[in-house]
Amino acid sequence: MSKPYLSLEQIDMVFSRGGASTQVLNQVSLSVEKGEFISIIGHSGCGKSTLLNIVAGLTQATRGVVFLEGTVVDTPGPDRAVVFQNHSLLPWLTVYENVKLAVDKVFSSSKSRAERHEWTMRNLELVQMVHARDKRPSEVSGGMKQRVGIARALAMEPKVLLLDEPFGALDALTRAHLQDQVMQIHTELANTVLMITHDVDEAVLLSDRIVMMTNGPSARIGEILDVPLVRPRRRIELAADATYIRCRSSVLKFLYERHRLVEAA
Amino acid sequence: MTASPVPIRPNEKPPVAKIMTLALSPKTGSPRRFPQWLTSLAAHVVPPVITLVFLLVLWEILCSSPTASVPPPSRVVSETWELIAHPFYAGQGVDQGLFWHILASLKRVALGYCLAAVAGIALGTLVGQSEWAMRGLDPIFQVLRTVPPLAWLPLSLAAFKDGNPSAIFVIFITAIWPIIINTAVGIRNIPQDYQNVARVLRLNQFEYFTKIMIPAAAPYIFTGLRIGIGLSWLAIVAAEMLIGGVGIGFFIWDAWNSSRISDIILALIYVGIVGYLLDRAIAFVARTVTRNTASA
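Conventions used here
Residues numbered from 1 in each chain as written. Chains lettered and ligands numbered in written order. Predicted model: local features only at pLDDT ≥ 70, side-chain atom pairs only at ≥ 80, totals over all residues. Heavy atoms only, no water. Pairing = 2+ DSSP bridges. Helix = DSSP H or I, 4+ residues; strand = E, 2+ residues; numbered from the N terminus. 1 Å grid on protein atoms, 1.4 Å probe; cavity = no way out; pocket = protein on both sides within 12 Å on 5 of 7 lines; lining within 4 Å. Points joined across faces, edges and corners; volume = space filled by probe spheres on them. Nonpolar A, V, L, I, M, F, W, Y, C, P; charged D, E, K, R; others polar. Axes fitted to C-alpha atoms, helices over the stretch in contact; angles between N-to-C directions. Left-handed = near helix turned anticlockwise from the far one by under 90°. Contact = heavy atoms within 4.5 Å.

Trainee: How should I be thinking about the pairing of strand S4 (residues 63–68) of chain A in this particular structure?
Mentor: Looking along a regular strand, one sees side chains alternate from face to face of the sheet. Residue and element names in this part refer to chain A. Judged from the five bridges that link them, strand S1 (residues 6–17) and S4 form a sheet pairing that is antiparallel. What sits directly across from Leu6, in S4, is Leu68. As judged from the two bridges shared by S4 and strand S5 (residues 71–72), these two strands associate in the antiparallel manner. Counted as the bridge partner of Leu68 is Thr71 from S5. Two successive antiparallel strands, S4 and S5, enclose a turn made up of two residues, where Glu69 displays a positive phi of approximately 50°.

Trainee: Quick question: what am I supposed to make of empty space enclosed by the protein here?
Mentor: Rolled over the atoms, a probe as big as a water molecule pinpoints where empty space is left. All names here are of chain A. Per the stated rule, a full pass over the model turns up one cavity of 30 Å³ or more. Its boundaries defined by the atoms lining it, the largest cavity holds a volume of some 50 Å³. Lining the largest cavity we find Ile150, Leu154, Leu161, Val182, Ile185, His186, Asn191 and Val193. Elements represented by at least two residues in the lining of the largest cavity include exactly helix H4 (142–155) and helix H5 (172–189). It is H5 that contributes the most residues to the lining of the largest cavity, three residues altogether. Tallied by class, residues from the lining of the largest cavity come to six nonpolar, two polar and no charged.

Trainee: Even after reading the chapter, I still don't get the packing of helix H6 (residues 131–144) of chain B against helix H8 (residues 163–188) of chain B, so can you show me in this structure?
Mentor: Any two packed helices are characterised by how steeply their axes cross, that is the angle between the axes, and by the distance between the axes. Residue and element names in this part refer to chain B. Between H6 and H8, the shortest axis-to-axis distance is 10 Å and the interhelical angle comes to 145°. Handedness of the H6/H8 crossing: left-handed. Within the contact between the two elements, H6 uses Met134, Phe141, Gln142 and Leu144 and H8 uses Trp177, Ile180, Ile181 and Arg188. Looking at the contact of H6 with H8 residue by residue, the class counts come to six nonpolar, one polar and one charged.

Set out below in structure tokens:
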């Protein structure tokens, strides 16, 4: 019998404050194969960040379980490294030290000192941040901070890489550049990735499958779309590609016709 | 909950801005221009010197009449020349050079302040981290911190039965409140993001304390430490006046009892300068340690 690599089973999430309780997620189930790139898209407030936090273990689901390689995961850990929306680098450490902190903690017994240094440098190379290794986060641009955040997450050698709207706070050009880098890294390392986004183009460009969430409260998975585009993908060529256009418009239709945000209407 | 802000010296910022514009055009001026460091030094030193000279002249004029109850600066210098010239004089009992008096005071401050720093950061961490500790301790802290430093002295004299430990205790109890309160605020303000990073990395309690909590709260802690050192130096003079022995506070009290007004004025100048240097020292340590990385 083959269990999926990562599986979310009947996740319910209810937030209770005082007497009132709000159901945020309703019976969310999802299976992810090893090496897959999955995007979760939905309007704001649909609980997609909550869902990611549950997979990360940062939030406890009210009901339901997350299995990773057949084991239940309910606490945070480096096997599910998170790239946070606002990078969350520690401002008192340099770029190098931020990544090194993760490397030192995760590989404290399995790698020697020299190997840990090498591994830190390799991950900085992967995101092309070696040149700024001794700078502090406040001294580099927003895009660079996010690249360091990605390097820190990759350096943990996670089984699943969790991206929480990683490019949301960046300008369009920087975002495109980072998307290309993430695609390249995904090609090289074949990570399993779960990405939260609200950008339709980003979702279609990067993902193997797009998970579309209905509006909250009580959000559930509305539809899952396969993106059968061959890799490597180039954004310029894809702009005229029929499959790309079809995927893009079906996500758009889902979001803006069938599940348009009520308050916005 | 936040403590009073550290005063900003008004003559610090604007000259810096001027220097920056000079630095942008280094070679365009005439070849006879002074070296840059000299110009920068002058910009910092000249204004306070002018102010000082003006004040001294004013003081000299106001107190020049022979019946004036406060001596003019010229008489202060001539009457205290012995003290100025021989700071390291070592005599009997309290008959010591001013250096030894100040050193004695500094030793008391150092001991009391260091104890306050350790205890204050520890208690501040506790209060900042635990909701129950805060509920239990914060009201008590808020009441105790309003007790004037000297009000503690009789009680500590009764407890320690000796002047020196009592003075040290007064310093301790004076300096500890701003340190506790600022540390607690700093710990409570650690962004959720850093805590999430720590959880994903599975940092243990000790690692979380040293790698996240202390660096994140450091700017707040140093604000508390800086207010604390100022208060300590304020309190030591008053406390020493009452306990006697070697120390700058008792020196002032002794001078008053023997009507040596010039000695008092000299001592006040020294107290001011030492207090200023202490404040600068803590500010320097703060800058070095936090490396201006309060936020990303």
